[in-house]
Amino acid sequence: MGKRNLEDGSSLKHDKKRRKKDRKEALKYEDITPTETDTTAETTPVPDQDEEEDGKYKQSAALTALPQTDIDTYLKSQNVSITDPQSTTLRPILAFNQLPTEILTTYKSFFSKFETPSSIQSTSWPHLLSSRDLIGIAETGSGKTLAFGLPLVHRLSHLKKSKKIRAVVIAPTRELAIQVFEQIDALTRTLSPNKLKATCIYGGTNKDEQRRNLIGCNIIVATPGRLKDFMSDGTISLSKTRYLVLDEADRMLDKGFEDDIKHIISTMPSPTKRQTAMFTATWPKSIRELAATFMRDPVRITIGRDSGEDGMADDGELRANPRIKQSVEVMDGYDKQARLLQLLQKQPRGERVLVFCLYKKEATRIEDFIRRNRFPVAGIHGDLAQAAREKSLKAFKENDVSILVATDVAARGLDIPNVKLVINVTFPLTAEDYVHRIGRTGRAGKDGTAITFFTEQDKGLAGGLVNVLKGAGQPVPGELMRFGTTVKKKQHEAYGAFGPKEGMEGLVATKKTFDD
Ligand SMILES: Nc1ncnc2c1ncn2[C@@H]1O[C@H](COP(=O)(O)OP(=O)(O)OP(=O)(O)O)[C@@H](O)[C@H]1O
């Protein structure tokens, strides 16, 4: 009998050749490590003719009254690094009651759920409320959605009424777009009725209903594919956009989305006539130059990285959420299923476990394997119909099942409360995706656990993984070190891929087929 089969039915030899080919091809694309250049001409924004005066941010007296030592202590304790080409000195908002009174009263119901603003919120809000462009880099589960959502809704609520689309938030997957929309929609509902209208557009669902919801809408949360569809058939015009957000920004700017994003943004007002914000937990050097072309003098806020020698946070380093206990188990591919079963049997019943695979067929196989062992399980991946994907996610969120098997379509952004354990059955194509996958646990200040199976086929990523483990103070197994610690240049083409399309495994992970 030949080599024993991997869980996805392929032979170890075939799989080894396929993944080696994937990576060899992908490694051809050397990162163009840019120097950050400000490519926009003007640095002062065009005055916003249709923004009411009282919408402009004014630092509250309570915040102004704080001694500078309180501010410095906070920034140091939170490991905040702020670089601002305009050298403004806006103070972080350390407590909700230091927000401008109008914001505090309008969104009070929203804040009541939380004790204090998270560090990315406290540091981003003053700049975003002051119409500045901003790049926010903070760990997974740190409240980045509200960091951009609140200023977006507040600023729009002070623009003269318009039936035009004024704000666009773009996310890489349908489920994440829906999740962001729900938060933005909740914020708009705290305003007077019909003040602002938000809607969500994404693929895999009926276009007519989405088209109807777009009527009179000011805010859209979208995945790129469906947004482009509606732009090309004339349903949507972005010519009056004043506020653009790229959520999971590094993913939105990598090769898979780059052309779509460039096209979408090209139809908007120039960076001097719109506000642009980008948020993510990972900010690789390979996308920074492109990001700079869409922004005007952005403030860059980095949370939780040591400052580099140039005083700027060295956010080139890939950092995982330090509250996640990470362990890596080096093994042969054919030992994975038995080990997975052991881990699931040890896990207290009912505790949420998220199991990541790289390939869709592998995810289906692993889901069937878990179900055959009588565990309540559901699956989510790009080959499933959108309704089935949403059903699986709902079942997991509502505790109808305690195990969700997913591909990287669920790796970023999804905020599922109390996921106790993430198991990476197959390592992702990039160390960035690893950070985002494990970031599904340990959210909103809670602890979490991540266990990752690592095989000979993954050895090209051993260096990146070792750095992530060390950066988060996690143990590095000797067997992992044996693969070496050189960090391969991130492959543009495959970066952040949901894994090669079924049947294309042997081919290059080039233009990603995103499920948008
Ligand atoms: N100030 C806050 N205090 C406590 N929890 C918060 C605060 N703001 C948001 N949260 C909660 O934290 C969780 C994570 O928020 P969110 O999904 O915006 O994180 P994120 O930084 O975007 O994560 P990711 O990087 O994975 O996309 C959510 O459940 C949200 O309700």
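A brief report on the enclosed structure follows. (Residues numbered from 1 in each chain as written. Predicted model: local features only at pLDDT ≥ 70, side-chain atom pairs only at ≥ 80, totals over all residues. Heavy atoms only, no water.)

**Here's the deal with the overall build of the protein**
Logical step 1: What the protein contains, in helices and strands, is 19 helices and 14 strands.
Logical step 2: Evaluated residue by residue, the protein yields a buried proportion of 59% over its 516 residues.
Logical step 3: When contacts within the protein are restricted to residue pairs at least 6 apart in sequence, those whose partners lie at least 24 apart make up 76%.
Logical step 4: Accessible area for the protein stands at about 20,900 Å²; split by element, carbon and sulfur atoms hold 52% of it. (Helix = DSSP H or I, 4+ residues; strand = E, 2+ residues; numbered from the N terminus. Buried < 20%, exposed > 50% of the residue type's maximum accessible area, 1.4 Å probe, protein only. Contact = heavy atoms within 4.5 Å. Areas by Shrake-Rupley, 256 points an atom, 1.4 Å probe, with all protein chains shown as cover.)

**Notes on the sheet that holds strand β3 (residues 167-170)**
Logical step 1: Spatially, eight strands are ordered β1-β8-β2-β7-β6-β3-β5-β4 in an open sheet, and the strand pairing comes out mixed. Whereas interior strands pair on both sides, the edge strands pair on one side only; in this sheet they are β1 (80-83) and β4 (198-201). Taking each pair of neighbouring strands and ignoring which way they run, the sheet shows an average axis angle of 15°.
Logical step 2: As paired elements, strand β2 (residues 134-137) and strand β8 (residues 299-303) share four bridges and run parallel to each other. For I137, the partnering residue across the bridge sits in β8 and is T302. (Pairing = 2+ DSSP bridges. Axes fitted to C-alpha atoms, helices over the stretch in contact; angles between N-to-C directions.)

**Some points on the pattern of salt bridges**
Logical step 1: Considering all chains together, one arrives at 22 salt bridges under this definition.
Logical step 2: Here K262 makes a salt bridge to E258, at a shortest N to O gap of 2.9 Å. Here K262 pairs with E258, and both are found in helix α12 (residues 255-266), just four residues apart, close to one helical turn.
Logical step 3: Residue classification places K262 among the partly exposed residues on the basis of a relative accessible area of 38%.
Logical step 4: Judged by relative accessible area, E258 falls into the buried class, the value being 12%.
Logical step 5: Salt bridges sharing common partners tie together K207, R226 and D229. (Salt bridge = Lys/Arg side-chain N within 4 Å of Asp/Glu carboxyl O.)

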